[in-house]
Structure formats: C-alpha cells, structure tokens
Amino acid sequence: MRSPGFRRTSTTLMASALALTAITACGSSDDDGSAGGKTRITVNCMPPKSAKVDRSFFEADVKAFEKANPDIDVVTHDAFPCQDPKTFDAKLAGGQMEDVFYTYFTDAKHVVDVNQAADITSYVKELKSYSTIQQQLRDIYTVDGKIYGVPRTGYSMGLIYNKKLFAQAGLDPDKPPATWEELRADAKKIAALGKGTVGYADYSAQNQGGWHFTAELYSQGGDVVSADGKKANIDTPEGKAVLQNLKDMRWSDNSMGSKQLLVINDVQQMMGSGKLGMYLSAPDNIPILVKEKGGNYKDLALAPMPGGKGTLIGGDGYMFNKKDTPAQIRAGLKWLDHMFLTPGKGFLGDYARAKQNDAPVGLPEPRLFTGAADAKDQEVKKANANVPVENYQAFLDGNQSLQMKIEPPQAQQIYSVLDGAVSAVLTKKDADVDQLLNDASGKIDSILARG
C-alpha cells in the first residue's frame, strides 16, 4: 500500500505532486525515439487537467527543459492515477509502457522480473543528482547489482495528532506518545471528552487495515515475512501485541469509537472535523486535512511512530522501457534531473512557486537527498515555509533512530489477508487474536509459495 495522500489528492502542489500517478493507454514508441533530428521520449505521471495549477507547473517545467535541451522532445501522458493496479500489469505484459514510466517502490522488482525494464547501470553516472539520493531509496531500484530506475519521492509513516484535543484532554500538546502504551492512555483521555470524540482511529478495509498492521508491526520491531521472504512472520509476540492493543482500545477502553471498517477518507473526515485525536499517516495527509477536510495547520502535529523501533517507508520513482535506445535513456535521465531531482527547483522543489500559489511548504517530507544537496533543499524549503514547521519537529527528530523498512513482497495480497484480522478485532468483542494470527499466517505462506 502507498500513502493514499500521495495518490489521490490534487488540491495543492506538494500533495498532488506526490500523489499524481497518471497512466495512459499509450506506450513506448516503436521507432528508435528520434523525430526531426531530436530524441523523442514519452513520459507519464503528468497532472490531470482537473489539477489546473499543478498541470500548468508541469507543462512550464517541461517547456523549460525542452528549451534548455533543444535536441530532446518530451511527449507527456496524463490520466489518473499514474499507476492503476488494474491496468499496470497488462501494460507491462503488452510492452506498452512509456519510455520513462512511473512505478511505486513495491513494483520495481516485479518490473525487472518480467523483463520490462532497461538496465541503466552504465548511464546513471550521467545523472548529476544520483549520488545525492538516499542510498536506501536507490537500493529499491537496484536488482542483482544492476540499476533499473531512479527514486523520485519517499515517505515514512508517523502519527498525526490534534494538539487542540490534547490540550482539552489535559495532555501536553508538545509531548506526543512515544510508546503504544502511552498512545493507549492518551486515546482514552481524549475519548473521555465525549460528544463523539474518538481517541485513536485505524483503517480496517480495502487492504488499508493490512497496510497499517504492517506499519504497527514494524514499530514493534517485527516483520511480516521471514528474512528470506518465504514464510509469514506475524504469529509472534510483536504481531500479537498489535492486534491485542487494537482489541483492548476498541472494547476495553472504548477509545476507538463504535464505527469501524474505516478507510482513509473516513479517518481524514474525522480528523479534519476536530473529532479525532490521533491516527497513523505520512506527512502528505496534513494538507489534505486542511484543504479538503476543514482542518487547521496550527492544530495538526506529526510525531514519529510509537514503539520506537521502526517505521514503514514507501514512495515512487521512474523506470525505463526495455525498448529504449541509449539516447532515450540519456534524455530520460536529464528530464528526471530537471523535473524532480534538483534541490530547490523543478516540479517538486520550486518552493517559492508553491508558496506563491498557496501550496503548503515546510512539511517534513519528502526527504530524498543527503549531504549538501539535502542541506540546499531544506534551506530553500525553510525560506519559503508557510506552515507551522515546529509542529513536525518531533517527527523529524524521532525518525533519526527508527529503522526504515519497505513493504513486504506480495504486499497487496498480504494486506488483504491482514485486513481480515484487523477488522475482526475491531468488530468482534470475542475475536481470538491467536487464532486470527495462525489463520492469517497460513494464508500468507500460501501467497508467498505462489511467488
């Protein structure tokens, strides 16, 4: 699962830029990529027409790139979303991907396994920014020592909480819970405010419950699958702690509300209306809560994952069609550098432009770069910040000590199984945690055995 805020929002530059996942029926060109003496590349993930501001920025950036590189012709494709799970595999199988195409982190190895990605190992040295990108993100697109793609954004899960409700409940709004025990205690106090207030909410449908179970398991120091990726690893003390905690909060504490089988939009509505104390999310949810759900930036703060051991990371990047010519690969790398990978500039990094158009600047992620490149990016972001950055400092500080872990293999199928376990403890007071974990383990083993 990917942070839905990255995928489904187009009201602001940063929220939609991280979310835009456009895919088209058009594929890579069948010729050698040259037209009128120019190298022609098709690219996807252009903002849809409904996102007028974002689309205008994207078009302007492409035009600026072509002006700076008159020997390259960029053909953009748009639709929503950029990577539709219903069509992605069919496009791969049919060889219909763009020359430079968008992928989620979790899809990188699959694209390589089905032999639809070009090996760009010998070309990335020409990508000026490549060495500045976080190693753990670069590794996602490296398979068997060969490089097949370039990361564009990255996110990590944290805890969004309502400072106003914390204060009303007698809690310190500048001291978010650091453990699941503290979270449980805080949620109970917030729920005691009454009038429909919920202390903590969690997803439990549409694979989103399994996604959050995974994040919560990582925070406890556990893993969904074994190190070799062949067996389930959820029927453990850490896995039991996740389900038991949810069950106790739901039925013993009554701090999660009576309405369950929630998905992200339900929880965002609750938080935006001021009726929810806490939920797990990536930073990109914050502008959605303000722009679409009625929230206020000053009330919304972000903390690291409770538990202190790990957090789930995700994100996206671009890969190259296996039919691409060397000229097209080089042109595509130049395009990525210009659009997304130059600190403080381009579609994702032009913070001054974003601020001028009332888009949020100063959110703690994405944090793609390292060293001097990261310092430059953060400097420009800070200079143009228009949100209360102090509300996110705990998240930034806490993340320094957390293990960053990507989603498990066969993630969506596994999440579907885990949805059942999470929904059971939230809807059935007599749910047997041990049995749920045992049953889910068997199903996950079968999924992994099928590969």
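Residues numbered from 1 in each chain as written. Predicted model: local features only at pLDDT ≥ 70, side-chain atom pairs only at ≥ 80, totals over all residues. Heavy atoms only, no water.

**Concerning the nonpolar core**
In globular proteins that are soluble, nonpolar side chains generally tend to be buried together. Within the largest apolar cluster, 74 residues are counted, with the highest numbers of intra-cluster contacts made by Tyr200, Phe213, Ile234, Leu243 and Met278. Among the elements that take part in this core, helix 18 (residues 411-427) stands out by supplying ten residues, more than any other. Leave out the neighbours within four places in its chain, and Leu243 touches Phe213, Ala421, Val422, Val425, Val433, Leu436 and Leu437. Core analysis: the second largest hydrophobic core is formed by 54 residues, Val112, Tyr141, Val143 and Ala331 among them. (Core = buried A, V, L, I, M, F, W, Y, C linked by side-chain atoms within 4.5 Å. Buried < 20%, exposed > 50% of the residue type's maximum accessible area, 1.4 Å probe, protein only. Helix = DSSP H or I, 4+ residues; strand = E, 2+ residues; numbered from the N terminus. Contact = heavy atoms within 4.5 Å.)

**Things to note about the sheet that holds strand 8 (residues 158-162)**
An order of 9-10-8-11 is seen for the four strands of this open sheet, with the pairing classed as mixed. Of all the strands in the sheet, the pair left with one neighbour each is strand 9 (198-200) and strand 11 (300-304). Adjacent strand axes in the sheet meet at a mean angle of 25 degrees when their direction is disregarded. When strand 8 meets strand 10 (residues 276-281), the two strands line up antiparallel, connected through four bridges. Its bridge partner lying in strand 10, Tyr161 is registered against Met278. Here helix 11 (residues 264-272) sits on the sheet and contacts strand 8, strand 9, strand 10 and strand 11; the angle it forms with strand 10, its principal contact strand, is near 140 degrees. (Pairing = 2+ DSSP bridges. Axes fitted to C-alpha atoms, helices over the stretch in contact; angles between N-to-C directions.)

**Thoughts on the pattern of salt bridges**
A complete count under the given rule lists 17 salt bridges for this structure. Put simply, Lys240 and Asp434 hold a salt bridge, and the shortest N to O gap is 3.5 Å. Of the two residues, Lys240 is situated in helix 10 (residues 237-252) and Asp434 in helix 19 (residues 433-450); the sequence distance between them amounts to 194 residues. You can call Asp434 partly exposed: its relative accessible area is 40%. Shared partners join several salt bridges into a network, and the residues in it are Arg55, Glu59 and Asp78. (Salt bridge = Lys/Arg side-chain N within 4 Å of Asp/Glu carboxyl O.)

**Looking at the environment of Phe347**
Here Phe347 shows up in helix 14 (residues 346-349). A sequence separation of 103 residues divides Phe347 from Gln244, and the C-alpha atoms of the two residues are 44 Å apart.

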